[in-house]
Structure formats: C-alpha cells, structure tokens
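This is what each chain is made of:
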Amino acid sequence: MLGRALRGGGGPARGRVFDAIQIEVTSRCNLRCVMCPVAVLADRWRPRHLPWELFSRVARAFPHAEFVHLQGWGEPLLHPRLFDMIRVAKHAGSRVGFTTNGTLLGPLAGQRLLDLDLDLLAVSIAGATPPTHGAIRVGSDLSGVLTNLGRFLDLRARRGSRHPKVELFFLMTKTNMAELPAVVDLAASLGVDELVATNLDYVPTPAQDTLKAFAPDGLRDGFARVLEEARARAKVAGLPFRPYPLDPEEVAVCEANPLKILFVSSDGKVSPCVYMGLAGQTEIPRASDDRCFRVPRVWFGDLGGQELLEIWETPAYRAFRQQFVARRAAGVVAAVMAAAGAGRTVSEPLPPAPEGCRTCPKLLGL
C-alpha cells in the first residue's frame, strides 16, 4: 500500500527522513473479515482509538515524512478525530491517505475528505458479487460499498478535482480468484484511478493459510490464466492494474521498506511495519504450509515517553535496519554480477533478515 502511494506521488521528497509514517489511528473495526486479526484474535484483541496526545507526538515528525498513512488493522473512519489528523498532516506538508472498507464512506465523510485535499483513498473489496465479498469481509454489503465509492467519485468529478487518487484494492484468495476479471470490469465502470490485486500477506492461523491464492498447489496454473484475462480486460479498458505476484521470490528489502518507513500502533508503540506491530499483543501468530509460528512483537520505543525521531535513532532500531542495508548491498552486487554473466549461485544467499521477518510473506515479494 505505501509503496504504491509513494510511486503514485513521484517518489520520496529530498531531505526527508521517512518515505512514510504509517499510523494505526484505531484498532477498532465494524467488520469481522475472516482473514483479519481483529476477528481471528478476537478473544485477545484490544480495540482502541489512538489517543490524540500520542498522535500529537507523532505529528511532530510529520515535517520529516513524505507520506502519512492513517491506517493499521482497524477502520480509520471510526476514529472521531480522523479529519483533524488529516488536517494536521497536510499542514505539515506531508501527503496523506488511508485505506477503508468503504462502509462508512457516506456523503458527509466524502465531502470532508475532498475539502481537506486528501491525497490517496484506497477502498478494499473481496469479490465482484455480494455473496463472495460478504463471505470474506463479514458484515460488509458490497452494493453499499460500491454505492458509497461511486458517489464519492461523482462528487470528485463535479468538483473538477484530481485528488484524492482513488484505488480499489481486491484481496486475492482461493475462494474469489475467479471473479478477478469481473472486478476489473467493475473498477473500470466506476472510474477508479487504479486497481490493485493484493495477496493475503498476513496469515495468523492454518485456517487462513488455506485461503491464500499464492499457495503452490494444483490451482496455480488456473489462477495464472485468470490473471492474464484480468490484465487483458484492464488493457482494453485503459485501467491501470497491478496484481501482486503468485510466485514467491525472496527480496532483499520488502515493500514495507523498514529502511524508510515505520509503523505506530494504536497503543503508541513504534515498530518497523504493521506485520510486527499488533497492538496489545506480546506474540504475533503466523501460519504457513501447515507450520505455526509465534513471532515476538517487535517494537523499539513508546511514544508515551519518547519522541519518534529519538526512537528511530536508538541503537537497537539502527541495528535492525542495518541487516536490511546489508541485504540490499548484497542484492546490488548480485545484480551486477548477473549482468556481467557471473550470476548468483545457490551457495550465495542474501545475508539473513531480522528474525521476525523470516516467516513473513512480504520477504518473498508477495
């Protein structure tokens, strides 16, 4: 999400410490999506809004951030001061956006977002038909979401505005993959600026693991054909379309880019990314290919008593980032060798990633 936002805005600004600061303004949600920790970990999930005092502490670092993304595991439009947060970030000179499930994107909310000159609005769906979408995003009515989104796009057009950029996000799973070409048609008819087909990149339990579309099984070739059809339809419609890959391939630095991006959870803890920063948890459950992992939550400071830039420069956080610096350097060397005909051999792996990253699908480019 953040990688797309930064590319869409022409890249990071020179001289700014952060490409992006991601802030979980709330861990509350009005849906119970089958793949989300809000629902899966409901017995120990702690729904909360980020207090304004902690947001104000983060905001002191906004002049150092190109982009501010106001979303984590919850629904941002539930926070009573979301519009104030957008205003503060815009005033600091940052571009601002968030991802929403679209259920609360009513007329008044849409007008206020346009008034504030929001830069990016991403709306998530999980199907081209109400039954498919509703079976995954439990509690959401696809027709209502599309009505809200269509009305917002109409209002943007009537104002003659190009902001915010509106992206439609489709979560690819085994149960809805066949509807992806129809989602392309739907996105084109709505007039969104881009369609992004994402993978299930956080899998808390084996039950969710069976949903992922990138699983290496007999469905792979069929899913590839669906993707090709979707690409063809998008090309005909003139719709920018970016599907995430179905085949894992290790990357030196994942798209979450902990070298230039950080995540602030709703309890004020500062983590490298949203996948390591589940608020209120001490361990983060992950499942992959019939294996279960319990990864300690990774955070390097608490905004309750520290400044964001102070946390960013702590020795532990710097050491964490240095592991990715080493991987990136090794990746550059390997690319140069490959271009020269030497190539990388199996005996020359990248330096290890931080332990908490090694079981994350994002490290495989997914």
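Rules of the game
Residues numbered from 1 in each chain as written. Predicted model: local features only at pLDDT ≥ 70, side-chain atom pairs only at ≥ 80, totals over all residues. Heavy atoms only, no water. 1 Å grid on protein atoms, 1.4 Å probe; cavity = no way out; pocket = protein on both sides within 12 Å on 5 of 7 lines; lining within 4 Å. Points joined across faces, edges and corners; volume = space filled by probe spheres on them. Helix = DSSP H or I, 4+ residues; strand = E, 2+ residues; numbered from the N terminus. Nonpolar A, V, L, I, M, F, W, Y, C, P; charged D, E, K, R; others polar. Buried < 20%, exposed > 50% of the residue type's maximum accessible area, 1.4 Å probe, protein only. Contact = heavy atoms within 4.5 Å. Pairing = 2+ DSSP bridges. Axes fitted to C-alpha atoms, helices over the stretch in contact; angles between N-to-C directions. Salt bridge = Lys/Arg side-chain N within 4 Å of Asp/Glu carboxyl O.

### What about empty space enclosed by the protein?
Okay, step 1: Tallied over the full model, the rule gives 2 cavities of 30 Å³ or more.
Okay, step 2: In terms of lining, the largest cavity is formed by 40 residues, of which the most central are Gln71, Gly72, Trp73, Asp201 and Tyr275.
Okay, step 3: Among the elements of the structure, helix H1 (2-8), strand E3 (95-100), strand E4 (120-125), strand E5 (165-171) and strand E8 (261-264) are those that each provide at least two residues to the lining of the largest cavity.
Okay, step 4: By volume, the second largest cavity amounts to about 120 Å³.
Okay, step 5: Of the residues that constitute the lining of the second largest cavity, the class distribution is 12 nonpolar, 1 polar and 2 charged.

### Here we look at helix H8 (residues 180-190)
Since one α-helical turn is 3.6 residues long, residues separated by three or four positions face the same way.
Okay, step 1: Considered for burial, the residues of H8 that qualify are Leu180, Pro181, Val183, Val184, Leu186, Ala187 and Leu190.
Okay, step 2: Turning to H8, the residues buried within the fold contact E4, helix H7 (142-159), E5, strand E6 (194-198), helix H10 (220-237) and strand E7 (241-243).

### Some remarks on the sheet that holds E5
Okay, step 1: Here 10 strands make up an open sheet; going across it, the order is E7-E6-E5-E4-E3-E2-E1-E8-E9-E12 and the pairing mixed. Because the sheet does not close on itself, it has two edges, and the strands there are E7 and strand E12 (301-302).
Okay, step 2: In this structure, strand E1 (residues 18-23) lies alongside E8, joined through 4 bridges in parallel fashion. Considered in E8, the bridge of glutamine 22 is made with phenylalanine 263.
Okay, step 3: Running at roughly 160° to E5, H7 makes contact with E4 and E5 of the sheet.

### Some details on the pattern of salt bridges
Okay, step 1: Here the structure, examined in full by the defined rule, presents 25 salt bridges.
Okay, step 2: One salt bridge in this structure joins glutamate 307 and arginine 60, with 2.6 Å as the shortest N-O distance. Of this pair, glutamate 307 sits in the loop between E12 and helix H11 (308-312) while arginine 60 sits in the loop between helix H3 (52-59) and strand E2 (65-69), and the two are 247 residues apart along the sequence.
Okay, step 3: Between arginine 95 and glutamate 66 there is a salt bridge whose closest N-O contact spans 2.9 Å. A residue pair is termed long-range when its members are at least 10 positions apart, and arginine 95 in strand E3 and glutamate 66 in strand E2 qualify at 29 residues. Each of the two residues, arginine 95 as well as glutamate 66, counts as buried.
Okay, step 4: Among the charged side chains, a salt-bridge network with shared partners connects Asp201, Arg242, Glu255 and Lys362.

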